[in-house]
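# Breakdown of the fold
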Amino acid sequence: MELSTGLSENIKTIQSLLPIGESFDIITRELTFGRTAAYFVGINGLCRTEVLQEIMSDLQNPVFVQTAEIENLEAFLRAKLGYAQVSLSDDFETIVLNVLSGPVALFVDGFDRAVLIDVRTYPQRGVKEPDMERITRGARDGFVETMLFNANLIRRRIRSCGLTFSIRHVGTESSTDIAIAYMEPLVNKSLLKLINDTLAELRVTSLTMGSQSLKELLLPAKWWAPLPGIQMTERPDVACSYLLEGHIVILVDNSPTALILPCTIFQFTQSPDDYYKSPSVGGYFRLIRFLCIPVNLLLMPLFLLFTTVFRAETATWNLLTEGSVSAPRIFFYVMAVEFAIDLLKYSAALTDSRFSGSLSIVGGLLIGDIAVRLNWASPEVLFYAGITLLTGISLSTPEFADALRLYRLFLLLATGFFRLPGFCIGLLLILLSVIKTPTFGKMSYFWPLFPFERRALHNLLFRSPTAKAQPTDVWDRGVAKR
């Protein structure tokens with residue numbers, strides 16, 4: 001819908017589109033610039049009132065505005081409105097979207113275009129280190145809920161002309177701002193086009209859960225594939241490292257999490273902490289993290305398998321202090337301890353940080369001791385469950401650890417009900433599930449193992465010195481080649 005040159009008609013139209021007079025946070029004013037009438041509309045709390053007040057005071061000052069009437073709106077803005085972020089629009093849909101996003105609209109009598117003044121400001125929390133991606137050394141800043149600030153955190157680290165932020169809007173009701181960040185000389189153009197086309201075709205009312213909602217829209221989840229097909233991060237340094245490797249980063253307004261495309265399984269084994277230590281120390285801890293994956297998945301199922309099927313070997317290796325425990329009871333012990341650990345983790349995550357550590361320790365000691373006394377668990381099961389818990393915490397990505405958790409539960413149930421055939425078939429099904437994990441754009445989930453690229457795989461498995469690990473040399477734009 002286009003604007004009219006008559007101010008009264010434009011006021012009636014904007015009042016029919018916005019709940020003016022009903023919604024308390026929509027502010028309007030009838031103004032006069034010399035002898036020219038004007039009308040202002042904006043959202044209270046989303047615009048910087050001190051800047052707006054200064055602008056309007058100057059425009060209404062008879063000394064500053066010497067002309068009695070405005071004859072040319074563009075010339076008037078160039079001469080009298082020196083604020084940096086000002087634009088003109090003749091479409092009511094664009095004007096309403098801008099007003100609801102924070103900028104204010106100024107309608108001037110006699111002109112069929114409105115002045116959009118971007119003086120927006122959003123409530124925000126401080127830029128601090130993400131709780132789920134803590135490191136021992138390095139930068140302590142993290143993404144926040146304001147998309148512009150997140151883009152600034154990236155721009156501060158990558159001062160390149162090739163860094164581009166492309167804006168899109170998703171949601172018929174929410175019109176959520178989305179920024180697609182990429183490095184122009186490194187990005188895979190076909191993947192970038194696919195992302196833009198996918199976002200343009202999305203038919204959704206709103207992104208209720210921010211980046212998580214967008215993630216599920218870009219890559220619908222499969223019940224048989226719990227492994228994440230899109231990586232998420234709250235750290236600007238992690239996002240910048242992937243941008244310099246040719247990946248695409250998507251920022252969603254109102255969400256402190258960035259999406260990284262494309263995604264491979266090896267990305268979930270990386271940690272910024274590796275690069276804030278010496279190459280030998282960082283490489284050692286990376287190796288430990290790799291070993292945590294099979295231990296987290298197989299330790300408890302193998303314990304259950306040996307103690308229920310291979311009873312002679314169990315007694316020889318002293319896997320159980322009480323050799324008379326029946327197989328069904330061992331299975332019950334394992335499942336009860338798995339449930340108790342999940343309960344402790346969930347309750348500690350929802351508890352205030354001042355008490356979560358004490359809750360985990362005291363709860364684990366009390367529940368473990370009482371469970372053993374009441375024959376609800378055994379010391380051996382608690383020991384192996386504790387090792388499994390530590391290996392899960394050691395993994396740098398919570399989504400990856402949660403997926404391994406589901407795989408382990410499935411393998412435990414298959415082993416408990418069907419013994420050795422159940423373990424073998426369950427392990428085979430898990431392997432097939434990992435291989436068939438969907439990724440955006442049907443990129444290989446196992447790159448650079450398949451298709452094979454030796455230098456990139458070496459850089460993923462081993463921590464190389466900075467001088468030999470520059471993205472343009474090691475990765476050789478491998479993302480764009482796939």
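Since this is a predicted model, take the numbers as computed values, not measurements.

### A look at the overall build of the chain
Along the chain, the regular secondary structure elements total 17 helices and 10 strands. In terms of overall dimensions, the chain is more spread out than a globule: its C-alpha atoms have a radius of gyration of 29 Å, far above the 23 Å expected for 482 residues. Dimensions along the principal axes, computed over C-alpha positions, put the chain at roughly 100 × 50 × 40 Å. Per-residue burial for the chain yields a buried fraction of 46% across its 482 residues. The contacts in the chain between residues at least 6 apart in sequence include a share of 65% that link residues at least 24 apart. Looking at the chain as shown, the accessible area adds up to about 25100 Å², and 60% of this sits on carbon and sulfur atoms. Separation of charge centres in the chain, based on 44 positive and 46 negative side chains, amounts to 10 Å.

### A word on the pattern of salt bridges
The full count for this structure, using the stated rule, is 15 salt bridges. Where Arg 157 meets Asp 141, a salt bridge forms, and the shortest distance between an N and an O atom there is 2.9 Å. One end of the pair, Arg 157, is in helix α5 (residues 147-157); the other, Asp 141, is in the loop between β5 (114-117) and α5, and 16 residues separate them in sequence. On the accessibility criterion, Asp 141 (13% relative accessible area) is buried. Among the charged side chains, a network of salt bridges with common partners joins Glu 129, Arg 134, Arg 140, Arg 235 and Asp 237.

### Considerations on helix α13 (residues 379-394)
With 16 residues, α13 ought to run about 22 Å at 1.5 Å a step, and its terminal C-alpha atoms sit 23 Å apart, in line with that. Within α13 the residues assigned to the buried category are Glu 380, Val 381, Tyr 384, Ala 385, Thr 388, Thr 391 and Gly 392. Projected down its long axis, α13 carries its buried residues within an arc of 125°, all on one side. Exposed side of α13, more than 90 degrees from the buried face: Phe 383, Leu 390 and Ile 393 are the residues found there.

### Observations concerning the state of the cysteines
Summed over the entire model, instances satisfying the criterion amount to zero disulfides. Residue Cys 263 stays outside any disulfide, its sulfur separated by 18 Å from that of Cys 240, the closest cysteine.

### Section: the nonpolar core
Counting residues in each nonpolar core, the largest one holds 24 residues, and the members touching the most others are Ile 178, Ile 195, Leu 199, Leu 214, Leu 218, Ile 248 and Ile 250. Element by element, the count of residues in this core is highest for helix α6 (residues 189-201), at four residues. Aside from chain neighbours lying at most four places away, what touches Leu 214 is Ile 178, Leu 199, Leu 202, Leu 207, Ile 250, Val 252 and Leu 259. In this structure, Leu 227, Ile 293, Leu 305 and Leu 404 belong to the second largest nonpolar core, which totals 22 residues.

### What about the pairing of strand β7 (residues 176-183)?
β7 sits mainly inside the fold: eight of its eight residues count as buried. The alternating pattern of β7 places Thr 176, Ile 178, Ile 180 and Tyr 182 and Asp 177, Ala 179, Ala 181 and Met 183 on opposite faces, both of which are buried. Of the strand pairs in this sheet, strand β6 (residues 163-170) and β7 are connected by eight bridges, and their pairing is antiparallel. By the bridge assignment, Thr 164 is partnered in β7 with Tyr 182.

### Description of the sheet that holds strand β8 (residues 231-233)
One open sheet accounts for five strands, arranged β6-β7-β9-β10-β8; its pairing is antiparallel. Single-partner strands in this sheet number two, and they are β6 and β8. Strand after strand, the sheet turns through a mean of 25° between neighbouring axes, direction not considered. One ladder, built from three bridges, connects β8 with strand β10 (residues 258-261); its direction is antiparallel. Its bridge partner being in β10, Met 232 is matched across the sheet by Leu 259.

### Points about the packing of aromatic side chains
Applying the stated criterion to the full structure yields nine aromatic pairs. Aromatic pair Phe 306 and Phe 310: ring centres 5.3 Å apart, planes at 45°, arrangement tilted. Put simply, the rings of Phe 303, Phe 383 and Tyr 384 touch in pairs and so form one group of aromatic residues. Note that Lys 277 overlies the ring of Phe 285, its terminal NZ or CZ placed 5.7 Å from the centroid.

### Let's talk about the sheet that holds strand β4 (residues 104-108)
Within the open sheet, the five strands sit side by side as β1-β2-β4-β5-β3. Their pairing is antiparallel. The sheet terminates laterally at β1 (26-33) and β3 (86-89), the two strands that pair on one side only. Within this sheet the neighbouring strands show an average axis-to-axis angle of 25°, counted without direction. Here β3 runs beside β5; their pairing, made up of four bridges, is antiparallel. Bridging from a neighbouring strand, Val 86 pairs with Ile 117 of β5.

### A look at the confidence of the model for the chain
Note that predicted coordinates carrying low pLDDT should not be read in detail. Of the residues in the chain, 90% have a pLDDT of 70 or more, and the chain-wide mean is 85. No element of the chain has a lower mean pLDDT than helix α17 (residues 478-481), which averages 43, and none a higher one than strand β9 (residues 248-252), which averages 96. Every residue in residues 477-482 scores below 50 in pLDDT, and together they form 19 contacts with partners more than four places removed in sequence or on other chains.

### Re the environment of Leu 59
Relative to the helices and strands, Leu 59 is located in helix α2 (residues 49-60). Along the chain, Leu 59 and Val 96 lie 37 residues apart, while their C-alpha atoms are 23 Å from each other.

### Comments concerning the packing of α5 against helix α8 (residues 236-243)
In contact at an axis separation of 9 Å, α5 and α8 are set at 60° when each is read in the N-to-C sense. Between α5 and α8, the angle is such that the two are oblique. In this structure, α5 meets α8 at a crossing whose hand is right-handed. For the pair α5 and α8, the contacting residues are Leu 153, Ile 154 and Arg 157 in the first and Pro 236, Asp 237, Ala 239, Cys 240 and Leu 243 in the second. Its residues placed into classes, the contact of α5 with α8 shows six nonpolar, no polar and two charged.

Reading the values: rules and limits
Residues numbered from 1 in each chain as written. Predicted model: local features only at pLDDT ≥ 70, side-chain atom pairs only at ≥ 80, totals over all residues. Heavy atoms only, no water. Helix = DSSP H or I, 4+ residues; strand = E, 2+ residues; numbered from the N terminus. Rg over C-alpha atoms; globule rule 2.2 N^0.38 Å. Buried < 20%, exposed > 50% of the residue type's maximum accessible area, 1.4 Å probe, protein only. Contact = heavy atoms within 4.5 Å. Areas by Shrake-Rupley, 256 points an atom, 1.4 Å probe, with all protein chains shown as cover. Lys, Arg positive; Asp, Glu negative; His and termini not counted. Charge placed at Lys NZ, Arg CZ, Asp CG, Glu CD. Salt bridge = Lys/Arg side-chain N within 4 Å of Asp/Glu carboxyl O. Expected span 1.5 Å × (residues − 1). Arc of directions from axis to C-beta. Disulfide = S-S within 2.5 Å. Core = buried A, V, L, I, M, F, W, Y, C linked by side-chain atoms within 4.5 Å. Pairing = 2+ DSSP bridges. Axes fitted to C-alpha atoms, helices over the stretch in contact; angles between N-to-C directions. Phe/Tyr/Trp six-rings, centres within 6.5 Å; stacked < 30°, edge-to-face > 60°. Lys NZ or Arg CZ within 6 Å of the ring centre and 35° of its normal. pLDDT = per-residue confidence, 0-100. Parallel < 35°, antiparallel > 145°, perpendicular 65-115°, else oblique. Left-handed = near helix turned anticlockwise from the far one by under 90°. Nonpolar A, V, L, I, M, F, W, Y, C, P; charged D, E, K, R; others polar.

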